[in-house]
Number of protein chains: 2
Amino acid sequence: MGQERPKQPEQLVRVQNFTVSSDGFGAGEGQSLERPFGHAEPGEMFAWAGATASWPNRTDPGGSRGLDDCFTRDFARNIGAEIMGRNKFGPQRGPWTDHEWRGWWGDEPPFHTPVFVMTHHKRPSFTLSDTTFHFVDGDPATVLARAREAADGKDVRLGGGATTIREFLDAGLVDTLHVAVSPVRLGSGVRLWESPEELLDRYHLDVVPSPSGVTHHLFWRK
Amino acid sequence: MGQERPKQPEQLVRVQNFTVSSDGFGAGEGQSLERPFGHAEPGEMFAWAGATASWPNRTDPGGSRGLDDCFTRDFARNIGAEIMGRNKFGPQRGPWTDHEWRGWWGDEPPFHTPVFVMTHHKRPSFTLSDTTFHFVDGDPATVLARAREAADGKDVRLGGGATTIREFLDAGLVDTLHVAVSPVRLGSGVRLWESPEELLDRYHLDVVPSPSGVTHHLFWRK
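Since this is a predicted model, take the numbers as computed values, not measurements. (Residues numbered from 1 in each chain as written. Chains lettered and ligands numbered in written order. Predicted model: local features only at pLDDT ≥ 70, side-chain atom pairs only at ≥ 80, totals over all residues. Heavy atoms only, no water.)

### With respect to the overall build of chain A
This is how the line gets drawn: Put simply, DSSP H or I for four residues or longer makes a helix, DSSP E for two residues or longer makes a strand, and each gets a number counted from the N terminus. Taken over C-alpha atoms, the radius of gyration is set against a globule rule of 2.2 Å times the number of residues to the power 0.38. Each residue is assigned to one of three classes by its accessible area relative to the maximum for its type, calculated with a 1.4 Å probe on protein chains only: buried under 20%, partly exposed between the two thresholds, exposed over 50%. Between two residues, a contact is recorded if the distance between any of their heavy atoms is within 4.5 Å. Every accessible area reported is derived by Shrake-Rupley at a probe size of 1.4 Å, with residue values counting cover from the shown protein chains alone. We count Lys and Arg on the positive side and Asp and Glu on the negative side, and we leave His and both chain ends out. To locate a charge, take atom NZ for lysine, CZ for arginine, CG for aspartate or CD for glutamate.
Within chain A one finds 6 helices and 11 strands. Against the compact-globule benchmark of 17 Å for 222 residues, chain A has a radius of gyration of 17 Å, which places it among compact chains. Its C-alpha atoms give chain A principal-axis dimensions of roughly 55 × 40 × 40 Å. Counting over 222 residues, chain A shows a buried share of 50%. The contacts in chain A between residues at least 6 apart in sequence include a share of 64% that link residues at least 24 apart. Accessible area of chain A: about 10,400 Å², with a carbon and sulfur share of 51%. With 24 positive and 30 negative side-chain charges, chain A shows a spacing of 3 Å between the two charge centroids.

### Regarding the pattern of salt bridges
Put simply, the test is: By salt bridge we mean one thing: a side-chain nitrogen of Lys or Arg within 4 Å of a carboxyl oxygen of Asp or Glu.
A complete count under the given rule lists 32 salt bridges over all chains for this structure. The shortest N-O distance in the salt bridge between A:Asp175 and A:Arg221 comes to 2.6 Å. Here A:Asp175, found in the loop between α6 (162–170) and β8 (176–181), pairs with A:Arg221, found in strand β11 (residues 215–221); they are 46 residues apart in sequence, far enough to count as distant. A relative accessible area of 13% means that A:Asp175 is categorised as buried. Judged by its relative accessible area of 34%, A:Arg221 falls in the partly exposed class. With a shortest N-O distance of 3.3 Å, B:Glu41 and B:Arg35 are connected by a salt bridge.

### Some words on the sheet that holds strand β6 (residues 131–136) of chain A
All names here are of chain A. Under the convention used in this document: Only strands that DSSP links by at least two bridges are regarded as paired with each other. Axes here refer to lines fitted to C-alpha atoms; in helices the fit is confined to the stretch in contact. Angles between the N-to-C directions go from 0 to 180 degrees.
Taken together, the 9 strands give an open sheet; going across it, the order is β5-β6-β4-β3-β7-β1-β8-β11-β10, and neighbouring strands pair in mixed fashion. Each end of this open sheet is capped by a strand with a single partner; those strands are β5 (126–128) and β10 (203–209). This sheet shows a mean twist of 20° between the axes of neighbouring strands, independent of strand direction. Alignment of β8 against β11, held across 6 bridges, turns out to be antiparallel. Each bridged residue has a counterpart across the sheet, and for Val179 the counterpart in β11 is His217.

### Topic: unusual backbone geometry
Residues and elements named next belong to chain A. In this chain, Gly160 is followed by Gly161 through a cis amide linkage whose omega measures 0°. Tracing the sequence through the fold places Gly161 in the loop between β7 (155–158) and α6. Its identity as a non-glycine residue notwithstanding, Ser129 has a phi of 55°, on the positive side. Tracing the chain through its elements places Ser129 in the loop between β5 and β6. Its relative accessible area of 39% is what places Ser129 among the partly exposed residues.

### Thoughts on the relation of the copies chain B and chain A
Spelled out, the test is: The fit set for superposing copies consists of C-alpha atoms from residues with pLDDT of at least 70 in both; the fit itself is least squares.
For the pair chain B and chain A, the relating rotation is 180°, the translation along its axis is 0.0 Å, and the fit reaches an RMSD of 0.0 Å. Look at the turn and shift together and you get a two-fold axis relating the two. When each C-alpha of chain B is compared by its distance to the rotation axis, B:Cys70 comes out closest, at 3.5 Å. A share of 100% of interface residues in chain B that are also interface residues in chain A marks the association as one of identical surfaces.

### Digging into the interface of chain B and chain A
When the parts of a complex come together, some accessible area is lost, and that lost area is often taken as the interface size. Convention followed: Accessible-area loss on putting two parts together, using a 1.4 Å probe and summing over both, is the definition of buried area adopted here. Throughout this description, a polar contact denotes any pair of N or O atoms lying within 3.5 Å of each other; where both atoms belong to protein, one of them has to be capable of donating a hydrogen while the other can accept it, and for residues adjacent in sequence the pair is counted only when both atoms sit in side chains. Any residue that is not Ala, Val, Leu, Ile, Met, Phe, Trp, Tyr, Cys, Pro, Asp, Glu, Lys or Arg is counted as polar, Gly included; the first ten are nonpolar and the last four charged.
The interface is formed by 26 residues belonging to chain B together with 26 residues belonging to chain A. Overall, the association of chain B and chain A removes approximately 2,400 Å² of surface from exposure, summing both partners, and the carbon and sulfur fraction of that is 57%. Interface area lost by chain B to chain A is led by B:Thr59, B:Arg65 and B:Arg73, which between them contribute 25%. At the boundary of chain B with chain A, the tally comes to 4 salt bridges. Counting the contacts that link chain B with chain A gives 6 residue pairs in polar contact (both at pLDDT 80 or more). Every element with two or more residues in the side of chain B that touches chain A is listed here: α3 (67–72), β10 (203–209) and β11 (215–221) of chain B. Among the elements that take part in the side of chain B that touches chain A, α3(B) stands out by supplying 3 residues, more than any other. Residues belonging to the side of chain B that touches chain A are distributed by class as follows: 11 nonpolar, 6 polar and 9 charged.

### Details of the UniProt feature "domain: Bacterial bifunctional deaminase-reductase C-terminal" (unreviewed entry) in chain A
Let me state the cut-off plainly: UniProt positions are given in the numbering used here, feature names are shortened, and annotations may be inferred rather than shown by experiment.
As annotated by UniProt and renumbered to match this structure, "domain: Bacterial bifunctional deaminase-reductase C-terminal" (unreviewed entry) occupies residues 17–195 of chain A. A helix fraction of 22% and a strand fraction of 22% characterise residues 17–195 of chain A, whose end C-alpha atoms lie 17 Å from each other.

### Structural notes on helix α6 (residues 162–170) of chain B
B:Ala162, B:Thr164, B:Ile165, B:Arg166, B:Phe168 and B:Leu169 are the residues of α6(B) that are buried. With its phi angle positive at about 70°, B:Gly172 sits one or two positions after the end of α6(B).

### A look at the pairing of strand β1 (residues 13–20) of chain B
In regular strands, side chains alternate between the two faces of the sheet. All names here are of chain B. Of all 8 residues making up β1, 8 are buried, and the element is well covered by its neighbours. With 2 bridges joining them, β1 and strand β7 (residues 155–158) adopt parallel strand pairing. Bridging from a neighbouring strand, Arg14 pairs with Arg157 of β7. Both β1 and strand β8 (residues 176–181) contribute to a ladder of 5 bridges, which runs parallel. Residue pairing across strands places Phe18 opposite Val179, the latter belonging to β8.

Here's what the structure looks like:
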């Protein structure tokens, strides 16, 4: 009591609304232009989020405002930048043959901040609506330093995919993770974990089942 | 698909982080200057919120970032005004004998928006830091119209107490309610409900137990 509230809140690195299958995969095998999540069906995996009022891609009114909506409406709060892996940005591999591909999200990407796409292959930055994509080569700490600066004091969202999240976890750079475990079983694909218990040496965990069928896992640093 | 996202999202009336005892009371009996919640112990009732990183009154770093924090960090998101009953503002009854009392919250109230205090007794508005308190006489719909205008397109928080929330519920003016049911039993006091089931004719409900011991109840309109 009597102390002043800290003027400089810490700048967190947050994973949010990342959905994995019941067996721990963030995407299936065989990503392509037609199948961004490989053999996984995004309509099944992300049904919990798409049904909420605050889903960023919602085009009509309505939607639920219960537990699942608490997470979709937190997506943009105090976020100043996003980091994503190249396979979240697109299905291409190797050097860019052209610069026509501008992500899966059309002319109005749902990020509204600078986005740092991790890739070994150079490409100029470009802007779509109020989202600017930068293409950056470097280890997680180096990329994070750039994203933190761009975020201007706000938090950095680590957008995935699973491989990128693993790299940042292994480097000890993630402050909070929200992972929705879907009842769908994939059998193979891009793995986030064998079990959420792998993180319990370093994180607190609240496990919260939702009426929609997913189980929300909320991790924060010990 | 292909539709534009609505440019004018609806302006909601939201109850948030309102805590009641297991037997449905928002406060105990015998409110006084020393006991804002009467015979209820606020340290017990609100322990779930005070333990979180995003609790507005937190003065030191730290705190949990799990399920309970999802609710405390949503407190200010897109809120443009608050409405409260006079007994949330202070322990006085009847005409104001002086204007020295400026609420329970010290020089930095946690609202940061206009606040409309419902009272039959006139009093001039005043400002503390970035919160301005207005004292308004009128039925819920009239007071809400003023708060909506002041909120400038953002949502209106209905702050309580239980009697004020009941009045707005009875008038059909509440869009979403988040009520945390604490394991504390009070026996008597200011009642919100006999049972949350009373609202099920008009609202959807997600019931979400928290590891902290409270059970979050999330209502939204059918």
